[in-house]
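Residue-level listing of the chains:
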Amino acid sequence: MAGAITTFLSEKAAQRPKHITESGFVRWTLIGIALLFLALIVLLPLLSIFIEAFKKGFEVYIASITDPDALSALKLTLFTALIAVPLNTVFGVAAAWAISKFSFRGKNVLITLIDLPFAVSPVIAGLIYILLFGAQGYFGPWLSDHNMQIVFALPGIVLATTFVTFPFVARELIPLMQAQGVQEEEAAASLGAKGWQIFWRVTLPNIKWGLLYGIILCNARAMGEFGAVSVVSGHIRGETNTLPLHIEILYNEYQFSAAFAVASLLVMLALLTLVIKSFIEWKTAQKDPERGTQDAH
């Protein structure tokens, strides 16, 4: 048995790339540190959420997640994502197409603007919409005269969520489409294909897995967004509270079991997103091993 193990380890060592020279002790030490850090920073907090959620029993848990305010927050969260994610998908595809397929003045400015939400605090993003559409904002009086409300209502929540999430699809597609080049589109055009035909039959099949990956990341951020939505929502219970805001209110009211129960819903949505993301990465690796390795990193 010992001889078989030794032979197996020797074969594995022979398969290692030549540039890797670390000893087994160093490798396993690094792996152990990574796993320990992952357990303490990620797995333990997630596990504690479910422990606290069920601390007072299954009945309390069910009552917490079926509370009318919790259900309203869940519906608002999903509805906001249902609006923001398709908008960002359309923008991301259009922006990636323009940046990767055409040369035009201002391209670098457009790329910089796409990255802007990564650099701006979500709270600042929310304040921008308050400044524009609030009662004392630039467009506030006009909106009031026409009986329209943006902030402290669904439109403001959707706008804020869209702002903080719109780079995800574009940033996933831009390098992918740049790497693919324009040869296939030019070949299709030379054969008489029109714009939409080229997109649906040539471009979209080539980017479909990257597009799905970007949509998943965008959706995950949209459902978990707190800062920008907190500023523009007004915290109206049962009306403008998303799941993250509802959790904060429950926690501030010392309803800890209810807060963790609702938080478990977000965790389960995140785990579902992670499963779908892993599936997309697996499919991408099958289609393009080099790109799949990059995504895994």
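The following paragraphs examine the structure supplied in this document. (Residues numbered from 1 in each chain as written. Predicted model: local features only at pLDDT ≥ 70, side-chain atom pairs only at ≥ 80, totals over all residues. Heavy atoms only, no water.)

It is worth spelling out the side chain of T161 at this point. Looking at the secondary structure, you find T161 in helix α8 (residues 154-165). In this structure T161 touches T80, A84, A222 and V229, once residues within four positions along its chain are discounted. (Helix = DSSP H or I, 4+ residues; strand = E, 2+ residues; numbered from the N terminus. Contact = heavy atoms within 4.5 Å.)

Another point: the environment of K55. As for its position among the elements, K55 is in the loop between α2 (24-53) and α3 (58-65). Counting along the chain gives 205 residues from K55 to F260, while the straight-line C-alpha distance between them is 9.6 Å.

Moving on, we come to the packing of helix α4 (residues 68-101) against helix α9 (residues 167-180). It is at 8 Å that the axes of α4 and α9 come closest, and there the two elements cross at 30 degrees. Considering their axes alone, α4 and α9 lie roughly parallel with respect to each other. In this structure, α4 crosses over α9, and the sense of that crossing is right-handed. Contact residues: α4 offers N88, T89, F91, G92, V93, A96, W97, I99, S100 and K101, while α9 offers V169, A170, L173, I174, M177 and Q178. In terms of residue class, the contact of α4 with α9 is made up of ten nonpolar, five polar and one charged. (Axes fitted to C-alpha atoms, helices over the stretch in contact; angles between N-to-C directions. Parallel < 35°, antiparallel > 145°, perpendicular 65-115°, else oblique. Left-handed = near helix turned anticlockwise from the far one by under 90°. Nonpolar A, V, L, I, M, F, W, Y, C, P; charged D, E, K, R; others polar.)

Looking now at unusual backbone geometry. The phi angle at H235 is positive, at roughly 55 degrees, despite the residue not being glycine. Inspection of the secondary structure puts H235 in the loop between α12 (227-233) and α13 (243-252). The backbone of Y254 sits at a positive phi, close to 65 degrees, despite the residue not being glycine. Here Y254 lies in the loop between α13 and α14 (256-287). Classification of Y254 as exposed rests on a relative accessible area of 66%. (Buried < 20%, exposed > 50% of the residue type's maximum accessible area, 1.4 Å probe, protein only.)

Once that is clear, we can look at the pattern of salt bridges. The final tally for this structure, using the stated rule, is five salt bridges. With a closest N to O distance of 2.4 Å, E253 and R237 form a salt bridge. A residue pair is termed long-range when its members are at least 10 positions apart, and E253 in the loop between α13 and α14 and R237 in the loop between α12 and α13 qualify at 16 residues. Classification of E253 as partly exposed rests on a relative accessible area of 36%. In this structure R237 comes out as partly exposed when scored by relative accessible area, which is 36%. (Salt bridge = Lys/Arg side-chain N within 4 Å of Asp/Glu carboxyl O.)

Another point: the nonpolar core. Ranked by internal contacts, the top residues of the largest apolar core, which has 22 residues, are I114, L173, I174, I207 and L211. At the level of secondary structure, the elements contributing two or more residues to this core comprise α4, α5 (107-119), α9 and α11 (195-224). Discounting residues that sit within four places of it in the chain, I207 has contacts with L173, L176, M177 and Q180. (Core = buried A, V, L, I, M, F, W, Y, C linked by side-chain atoms within 4.5 Å.)

Secondary-structure assignment places T77 in helix α4. A residue is classified by how much of its surface remains accessible, and T77, at 2% relative accessible area, is buried. For T77 and V158, which are 81 residues apart along the polypeptide, the C-alpha to C-alpha distance reads 9.7 Å. Beyond its immediate sequence surroundings of up to four residues, T77 is in contact with M223, T242, L243 and P244.

Now for the packing of aromatic side chains. For the structure on display, the rule yields 16 aromatic pairs. Pairing F118 with F168 gives two aromatic rings, centres 5.6 Å apart and planes at 90 degrees, and the pair type is edge-to-face. Within this pair, whereas F118 is found in helix α5, its partner F168 is found in helix α9, the two being separated by 50 residues in sequence. Taking the relative accessible area as the measure of exposure, F118 reaches 46% and is therefore partly exposed. Taking the relative accessible area as the measure of exposure, F168 reaches 18% and is therefore buried. Ring plane angle 75 degrees and centroid distance 5.4 Å describe the contact between F199 and W200, whose orientation is recorded as edge-to-face. (Phe/Tyr/Trp six-rings, centres within 6.5 Å; stacked < 30°, edge-to-face > 60°.)

This part covers the packing of α4 against α5. Where α4 meets α5, the closest approach of the two axes is 11 Å, and the angle between their N-to-C directions is 150 degrees. Here α4 is positioned roughly antiparallel relative to α5, judged by the angle of their axes. Crossing geometry of α4 relative to α5 is assigned as left-handed. In this structure, α4 contributes F91, A95 and I99 to the contact, and α5 contributes K107, L110, I111 and I114. For the contact of α4 with α5, the residue count by class is six nonpolar, no polar and one charged.

Spanning 14 residues, α9 covers 20 Å between terminal C-alpha atoms, matching the ideal 20 Å at 1.5 Å per step. Those residues of α9 not exposed but buried are P167, F168, V169, A170, E172, L173, I174, L176 and M177. One or two steps after α9, the chain reaches G181, where phi turns positive at roughly 75 degrees. (Expected span 1.5 Å × (residues − 1).)

In this section: the environment of L132. Mapped onto the elements of the fold, L132 is located in helix α6 (residues 122-133). Separated by 19 residues in the primary sequence, L132 and V151 have C-alpha atoms spaced 9.3 Å apart. Excluding residues that lie within four positions of it along the chain, L132 makes contacts with G137, Y138, F139 and G140.

The analysis is restricted to geometry; functional conclusions fall outside its scope.
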